[in-house]
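Structure at a glance
Residues per chain, in single letters:
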Amino acid sequence: MPPLRRPSTPPAVDGLAADPLLHEPVTPPSADVRAQATARLAALATPPGALGLLGDLAVWIATVQGQVPPAPVDRVRAVIFAGDHGVADHGVSAFPKAITPAMVRTFLLGKAGVSVLAAQHGVSVRVLDLGVEDDLDGVPDEVTAFKIRRGSGAIHLEDALTEDETLRAIAAGETVAAEEIAAGAQLLIGGDMGIGNTTPASALIAASLGLPAHEVTGRGTGIDEAGLVHKTQVVQQALDRAGDRVADPLETLTALGSADLAAAAGFMAAAARAGVPVLLDGVISVAAAIMAERLAPGAASWFAAGHRSTEPAQSFALDKLGLVPVLDLGMRLGEGSGAVAAVPVVRSAALLLSEVALLSDLT
């Protein structure tokens, strides 16, 4: 894979220099800690393998925390990256783009699906406008502080972003990750909001995995059969237009992504570099994770999959990342909701490994 390029003079957004860390490998979690966690799991007063995937999740938590037994997972922070997508004007979604700014305001009111789940499970939620096609008048300034542009290009006809915009979006995501980690996050979640966003997400996954559009394209918000055929054609047209540029992850995000997806990828890559784990959500989140792994090789070892989406692209991407979802509830809401719904299971797994008696204690 060719090295990523940086512009000679990085542009800035609200004082943020667009000079993200690109293609720097990530230090994996400690193999020694993983071995210790695996040994503790085997030593618990439970039949071998009785905890199933809960046991595997517990080992992962201890490994990414770097300690055995793991600490309780108390401080979980979710960031929703919002943006509009030019393809939404071309019949790929069941809903209009006007829904995106309305949902941003709904998050701020605490009335969205993810908001309800987060309040129940003690997860903080932050929403950021990276590319909403609206000025969002009256919302707090911090919501729009990282805005890159209004909307993105229609990817089957033109690039989603300029290269400079892609770099600025990645840098914004890195800065947000640093802020959330400084606020004490033990576990991060990347959420999403943007009508039409399953189309660029599917294109990013197809481009990264070398798959045709018909294998990865799903119904998104619930389009009918004719809509699915059309959406598949749009994704394939976008892939054909991008051509060989998809060998370079920066070019892939520029041609086929969006500001919100690029920021989410930067957010996840930065979290992995800092040694803070990320719980992935649906197809949008997993598309960003695939791009984070390409931008920061090895990042995926710091990721876990919160749930399995109904979108086919997500399953292909999870297989590529080597991740097994915690939940499989048939969800396709996005927003980070599936990952937030999985947080109690993550917490339970950590507590099981730390608080269940050891067999040696029974004798």
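Throughout what follows, the structure given in this document is the object of discussion. (Residues numbered from 1 in each chain as written. Predicted model: local features only at pLDDT ≥ 70, side-chain atom pairs only at ≥ 80, totals over all residues. Heavy atoms only, no water.)

Comments concerning empty space enclosed by the protein
Considering all chains together, one arrives at 1 cavity of 30 Å³ or more under this definition. In terms of lining, the largest cavity is formed by Trp60, Ile61, Val64, Gln65, Val73, Gln186, Leu187, Pro277 and Val346. Per-element tally for the lining of the largest cavity: the top contributor is helix 2 (residues 52–65), with 4 residues. Partitioning the lining of the largest cavity into residue classes produces 7 nonpolar, 2 polar and no charged. (1 Å grid on protein atoms, 1.4 Å probe; cavity = no way out; pocket = protein on both sides within 12 Å on 5 of 7 lines; lining within 4 Å. Points joined across faces, edges and corners; volume = space filled by probe spheres on them. Helix = DSSP H or I, 4+ residues; strand = E, 2+ residues; numbered from the N terminus. Nonpolar A, V, L, I, M, F, W, Y, C, P; charged D, E, K, R; others polar.)

Notes on the nonpolar core
Ranked by internal contacts, the top residues of the largest apolar core, which has 121 residues, are Phe81, Leu130, Leu256, Met268, Leu279, Leu280 and Phe303. Of all the elements, helix 11 (residues 259–273) adds the most residues to this core, at 12 residues. Excluding residues within four positions of it along the chain, phenylalanine 81 makes contact with Leu128, Leu130, Val176, Gly191, Asp192, Met193, Asp260, Ala263, Ala264 and Phe267. (Core = buried A, V, L, I, M, F, W, Y, C linked by side-chain atoms within 4.5 Å. Buried < 20%, exposed > 50% of the residue type's maximum accessible area, 1.4 Å probe, protein only. Contact = heavy atoms within 4.5 Å.)

Re the pattern of salt bridges
Under the counting rule described, the total for this entry stands at 13 salt bridges. Across the salt bridge formed by glutamate 179 and arginine 126, the nearest N and O atoms sit 2.7 Å from each other. Of this pair, glutamate 179 sits in helix 6 (residues 163–182) while arginine 126 is found in strand 4 (residues 123–131), placing the two residues 53 residues apart along the sequence. Residue arginine 126 is classed as partly exposed on the basis of its relative accessible area of 22%. Connected through shared salt-bridge partners, Arg77, Arg126, Glu179 and Glu180 make up one network. (Salt bridge = Lys/Arg side-chain N within 4 Å of Asp/Glu carboxyl O.)

As for the sheet that holds strand 5 (residues 187–193)
Read across the sheet, 5 strands follow the order 4-3-5-6-7 without closing on themselves; strand pairing throughout is parallel. With partners counted over all chains shown, the strands left at the sheet margins are strand 4 and strand 7 (303–305), one partner each. Each neighbouring strand pair of the sheet contributes to a mean axis angle of 30 degrees, computed without reference to strand direction. Note that strand 3 (residues 76–83) and strand 5 share 7 bridges and pair parallel. Considered in strand 5, the bridge of valine 76 is made with leucine 187. Against the sheet, helix 11 makes contact with strand 3, strand 4, strand 5, strand 6 (278–280) and strand 7, and its axis sits at roughly 155 degrees relative to strand 3, the strand it touches most. (Pairing = 2+ DSSP bridges. Axes fitted to C-alpha atoms, helices over the stretch in contact; angles between N-to-C directions.)

Things to note about the packing of aromatic side chains
Aromatic ring pairs are described here by two measures, namely the spacing of the ring centres and the angle between the planes. Tallied over the full model, the rule gives 1 aromatic pair. Between phenylalanine 81 and phenylalanine 267, the aromatic rings sit 5.2 Å apart at their centres with planes inclined by 65 degrees, giving edge-to-face as the arrangement. Within this pair, whereas phenylalanine 81 is found in strand 3, its partner phenylalanine 267 is found in helix 11, the two being separated by 186 residues in sequence. Per residue, the accessibility class of phenylalanine 81 equals that of phenylalanine 267, and both read buried. (Phe/Tyr/Trp six-rings, centres within 6.5 Å; stacked < 30°, edge-to-face > 60°.)

Quick word on the environment of alanine 43
Counting through the fold element by element, alanine 43 comes out in helix 1 (residues 31–43). Overall, the relative accessible area of 29% leaves alanine 43 in the partly exposed class. Note: C-alpha distance between alanine 43 and valine 356 (313 residues apart in sequence) is 9.9 Å. If we ignore the near neighbours within four places in the chain, the residues touching alanine 43 are Leu358 and Leu359.

Brief notes about the environment of leucine 108
Mapping leucine 108 onto the fold places it in helix 3 (residues 99–109). Taking relative accessible area as the criterion, leucine 108 reaches 39% and is therefore assigned partly exposed. In the structure, leucine 108 is positioned 17 residues away from valine 125 in sequence and 9.0 Å away in space, judged by C-alpha atoms. Aside from chain neighbours lying at most four places away, what touches leucine 108 is Val127, Val139, Pro140 and Val143.

Side note on helix 2
Here helix 2 spans 21 Å end to end across 14 residues, near enough to the 20 Å set by a 1.5 Å rise per residue. Structurally, helix 2 contributes buried residues whose contacts are with helix 1, strand 5, strand 6, strand 7 and helix 14 (337–355). Looking one or two places after helix 2, you find glycine 66, whose phi comes out positive at around 75 degrees. (Expected span 1.5 Å × (residues − 1).)

With respect to the side chain of serine 285
Residue position: serine 285 is located in helix 12 (residues 283–295). Each residue touching serine 285, except ones within four places of it in the same chain, is listed here: Gly190, Met268 and Leu280.

Observations concerning the side chain of arginine 294
Note that arginine 294 resides in helix 12. This buried residue, arginine 294, is left without a salt bridge; aspartate 248 holds the nearest opposite charge, at 6.2 Å. A polar side-chain atom of arginine 294 sits 3.4 Å from a polar atom in the side chain of threonine 252. (Lys, Arg positive; Asp, Glu negative; His and termini not counted. Polar contact = N/O pair within 3.5 Å; in protein donor to acceptor, adjacent residues only side chain to side chain.)

Digging into unusual backbone geometry
Here the bond from valine 68 into proline 69 is cis, since omega is -5 degrees, no more than 30 degrees from zero. Tracing the chain through its elements places proline 69 in the loop between helix 2 and strand 3. Residue leucine 136 is not a glycine yet carries a positive backbone phi of 50 degrees. Relative to the helices and strands, leucine 136 resides in the loop between strand 4 and helix 5 (141–144). For leucine 136, a relative accessible area of 2% puts it in the buried group. Positive phi outside glycine occurs at glutamate 335, with the angle close to 70 degrees. In this fold, glutamate 335 is placed in the loop between helix 13 (312–321) and helix 14.

Interpretation in functional terms is not warranted from these geometric data alone.
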